[in-house]
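# Descriptive analysis of the structure
Take a look at the letters that make up each chain.
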Amino acid sequence: MGIVEAWAREKPIRTFLARLSQRRAAAAAFAFLASSSSASAAIDGEGGGDWGIPQLSSIANSVVSRCARILDLGVENLQQSFETDFPDNCKEHNKYARELLEYCCHKALHEVTTRPDYLADKHLRRLMFDMMLAWESPRADNEFLENDSTMSNTPETEDEDEGSIFYANSTRLAVQVDEKKTVGLSAFARIAPSCPIVADLVTVHNLFDALTCSSGGRLHFLVYDKYLKSLDRHEALRSVKGIMQSPLASSFQLDTGECVIAMDGDRPIHPVLQHIGISAWPGRLILTTHALYFQRIRVGYGDKIVKYDLATDSNQVIKRDLTGPLGVRLFDKAVMYKSSTLEEPIYFDFPELGGPSRRDYWLAITREVLQVNRFIRKFNLGDVQRAEALSKAVLGILRYSAVKEAFHIAPSHFKTTLTFSLAEKLPKGDMVLEALYNNYFQLLDTSLSHLETDSTADKMSQTHTVPFSLYALSRMGFILLKKKDEIEKEISFCAVCFGVTKSLEAALEESFCYSERIESARATVDQVKVEGVDANLALMQELLFPFIQVGKVVYSLSQWEDPLKSLLFLAFMLYVIQRGIVGYMVPIVLLVFAAIMLWHKYIGDGKLLGVLEVQPPPSKNAVEQILILQEAISKLEDSLQAANIALLKFRAVLFASVPKATEVVAAVLIAAATFLVFIPSRHLFLILVVEVYTREMPLRKQHTEKFRRRMREWWARIPAAPVQMIKPNENKKKR
């Protein structure tokens, strides 16, 4: 008993249970991976023979064998088909294995995606992941996959009393069991977009970052499988299908080809409030591919449906904003919609106890619909092209929702996976949209016109890699064209059209490169931001120190504190003006700046830019800051009052409210106009410089002060034009 008591004291029972639970979880993950690999090998062995393509690795041969079985072809026939369609690619031995594998994967996935509910097939999900694994090691001579690691190689953590068996991470344990069975970005970006529901070529990089945000940039099968299951069992998709089949859709009078994307506010615990002025109404908010619909719920008045069109060009603005009761801006959980067709902005409030996750989600998907409709108007897309663009947006929203719900990641914590919103945010995103249109949407129009008659169309379509989103979305029950038979007709010819991607990939690569530079530059901007008006003024004075000193020198010369220097400077300015050198001053200044930059780049020491040292002003407490702010507001108000008074006096003179002053001003304006017409501009500039520069000259100073006094007295005698402030009609806000 003493030995048992000593052991129990050294090893607490819950620590022992924690280790036992971790071992069982690791064993379960290891058994799952081993059974998946053995099942794949068993499937490959059925009817596949012991032979394979010599240039391919074992896992690549396994994938090609399964692809051939899906296509109901032999492996040899599939290889011959590739060599016939792409004879030039067969000459490059370094790329032969990978391009053959891509060819087989694309053809097999195209065939599989025609089946309903294909994401529910666990064997297909494993096959898609094996395609990515095979893509990373397609050749037999560089195969690096090793045997599955044994349980003895699984690292174990030290026992701690704080450990708990309820916080074991199955994904982390699975990675520890078989860390080789993960894929990188390149493999995911080449295989996943072949299935339009899984990924899109434009946003595949951001989708991969979202899925691997906690696994160090490597995607494990458990994470990928969870993502596909979330797409298959998406609650939003099922609810949307239910709405489309319910009488509610008919009450909204949707246009032809318009389908519902999302709905909120149908449950009392999650209401949506519409704020107009100081009034607020609860209701149901519905987003479609063309507009926002809000159905007010007013007791005793019935339901009222208001449509906010997103497909027309009415200068719509959608952004996050603050809202609250009676129009008070308190809570940051609202979306503001403003349009040229509305008298005032509309606010949709999404109240919840936690953070603004609902608001951020609706803001993102509404902006995506707005951006895709702008894309349609910009390139004037036809019916099929418009339906394809809307399909891309809808699939992007479904992927966005799946990632958010499956992994509980807030939308603001990862880069957007919405195609058209991403193109709008990216630097040179307009070039990405142009490449998408030129290499994909134009191809849709051409293929629909010539695919039946052009003998080379089938061969051309096999080189495409961008999926046909409209086809995939129609299989899910979304009808975006006018008639269902038109969809089937177009899809039969365009389902295999994947689009030329080289130009699009080049535009994306350039845009991502610029995006990285912008992010690094923004990091430096965030570091140098200072708080406080006084601190910012001090920093600005330090940055503009050379220009401030030059201004002080010129001002001191204009005050004639040293008559000799002021006279020499006046002579220099007159010489420059008379010789016509003034026109060259701006180019000279630009050349001086360019010379300084080039000198620092090529002749300088090459040292990094030194830190600018700024002496901060003395710190002030909250009361002093409030007083300074109040004083600044008072000065601003005085300046605005003085400007308004000057404008009102000018109005009085303009409309002859003061006849004598009007006659004087009119005579001065006529003389000035005559002066400007008959005297050359160079002489006018000379006169202006002499007049302004010699005002404080000892010979003119007394006359200048006397002239200013007479002008102030004359200006004070002019009355201001009458003005009356009218209160706005508040009946609209009280409705």
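The text that follows walks through the structure, step by step, so that each part is easy to find. (Residues numbered from 1 in each chain as written. Predicted model: local features only at pLDDT ≥ 70, side-chain atom pairs only at ≥ 80, totals over all residues. Heavy atoms only, no water.)

This next bit is on helix α4 (residues 75–85). For the α-helix, the turn length of 3.6 residues means that residues three or four positions removed from each other point alike. Of all the residues in α4, the buried ones are Val75, Leu78, Gln79, Phe82 and Asp85. All buried residues of α4 lie within an arc of 135° about the axis, which places them on one face of the element. (Buried < 20%, exposed > 50% of the residue type's maximum accessible area, 1.4 Å probe, protein only. Helix = DSSP H or I, 4+ residues; strand = E, 2+ residues; numbered from the N terminus. Arc of directions from axis to C-beta.)

On to a nonpolar patch on the surface, then. Taken together, the side chains of Tyr575, Ile581, Val582, Tyr584, Met585, Ile588, Val592, Ile596, Phe685, Leu688 and Val692 make up a nonpolar region of the molecular surface, amounting to roughly 980 Å² of accessible area. No other element matches the 4 residues that helix α24 (residues 585–603) contributes to the nonpolar patch. By the element assignment, Met585 lies in helix α24. You can call Met585 partly exposed: its relative accessible area is 39%. (Patch = residues over 30% accessible without salt bridge, like charges linked within 9 Å, V, L, I, M, F, W, Y side chains within 5 Å. Areas by Shrake-Rupley, 256 points an atom, 1.4 Å probe, with all protein chains shown as cover. Salt bridge = Lys/Arg side-chain N within 4 Å of Asp/Glu carboxyl O.)

Glancing now at the packing of aromatic side chains. Going through the model one piece at a time under the given rule, you end up with 20 aromatic pairs. Residues Phe82 and Tyr96 carry aromatic rings whose centres are separated by 5.8 Å and whose planes lie at 65° to one another, so their mutual orientation is edge-to-face. Residue Phe82 is located in helix α4, and its partner Tyr96 is located in helix α5 (residues 93–112); the two are separated by 14 residues in the primary sequence. Accessibility expressed as a relative area gives 1% for Phe82, which makes it buried. What makes Tyr96 buried here is its relative accessible area of 5%. (Phe/Tyr/Trp six-rings, centres within 6.5 Å; stacked < 30°, edge-to-face > 60°.)

Along the chain, Thr662 falls in helix α26 (residues 659–678). In this structure the C-alpha to C-alpha distance between Thr662 and Ile718, which are 56 residues apart in sequence, comes to 9.9 Å.

Once that is clear, we can look at unusual backbone geometry. Keep in mind that most residues, glycine aside, have a negative phi and that most peptide bonds are trans. Located in the positive-phi region is Asn315, a residue other than glycine, with phi close to 55°. Given a relative accessible area of 59%, Asn315 falls into the exposed group. Positive phi values are uncommon outside glycine, yet Trp560 reaches one of about 55°. Position of Trp560 among the secondary structure elements: in the loop between α22 (545–558) and α23 (563–578). Here Trp560 falls in the buried class, since its relative accessible area comes to 9%.

Along the chain, the position of Asn373 falls in helix α13 (residues 357–379). Since its relative accessible area comes to 5%, Asn373 is described here as buried. Separated by 47 residues in sequence, Asn373 and Phe420 place their C-alpha atoms 9.6 Å apart. Apart from the residues lying within four places of it in its own chain, the contact partners of Asn373 are Thr289, Leu310, Ala311 and Leu390. (Contact = heavy atoms within 4.5 Å.)

Attention shifts here to the nonpolar core. If you look at the biggest cluster of nonpolar residues, it comprises 124 residues, and the most contacted ones within it are Phe188 and Val198. Excluding anything up to four places from it in sequence, Val198 contacts Leu119, Met128, Ala192, Leu207, Tyr224, Tyr227, Leu228, Leu231 and Arg399. Core analysis: the next-biggest nonpolar cluster, separate from the first, contains 8 residues, Ile577, Leu686, Val689 and Tyr693 among them. (Core = buried A, V, L, I, M, F, W, Y, C linked by side-chain atoms within 4.5 Å.)

A separate point is the packing of helix α3 (residues 58–71) against helix α6 (residues 122–136). At a minimum axis separation of 9 Å, α3 and α6 run at an interaxial angle of 140°. When the interaxial angle is binned, α3 and α6 end up oblique. Where α3 crosses over α6, the handedness of that crossing is left-handed. Contacts from Ile59, Ala60, Val63, Arg66, Cys67 and Ile70 of α3 reach α6 at Leu127, Asp130, Met131, Leu133 and Ala134. Of the residues belonging to the contact of α3 with α6, the class tally is 9 nonpolar, no polar and 2 charged. (Axes fitted to C-alpha atoms, helices over the stretch in contact; angles between N-to-C directions. Parallel < 35°, antiparallel > 145°, perpendicular 65-115°, else oblique. Left-handed = near helix turned anticlockwise from the far one by under 90°. Nonpolar A, V, L, I, M, F, W, Y, C, P; charged D, E, K, R; others polar.)

Let us now look at the pairing of strand β5 (residues 279–288). Across the 10 residues that make up β5, a large majority, 7, are buried. When strand β3 (residues 260–264) meets β5, the two strands line up antiparallel, connected through 4 bridges. Each bridged residue has a counterpart across the sheet, and for Ala262 the counterpart in β5 is Leu287. Relative to β5, strand β4 (residues 272–276) is paired through 5 bridges, and the arrangement is antiparallel. In the sheet register, Ile276 faces β5, and the bridge partner there is Ser279. (Pairing = 2+ DSSP bridges.)

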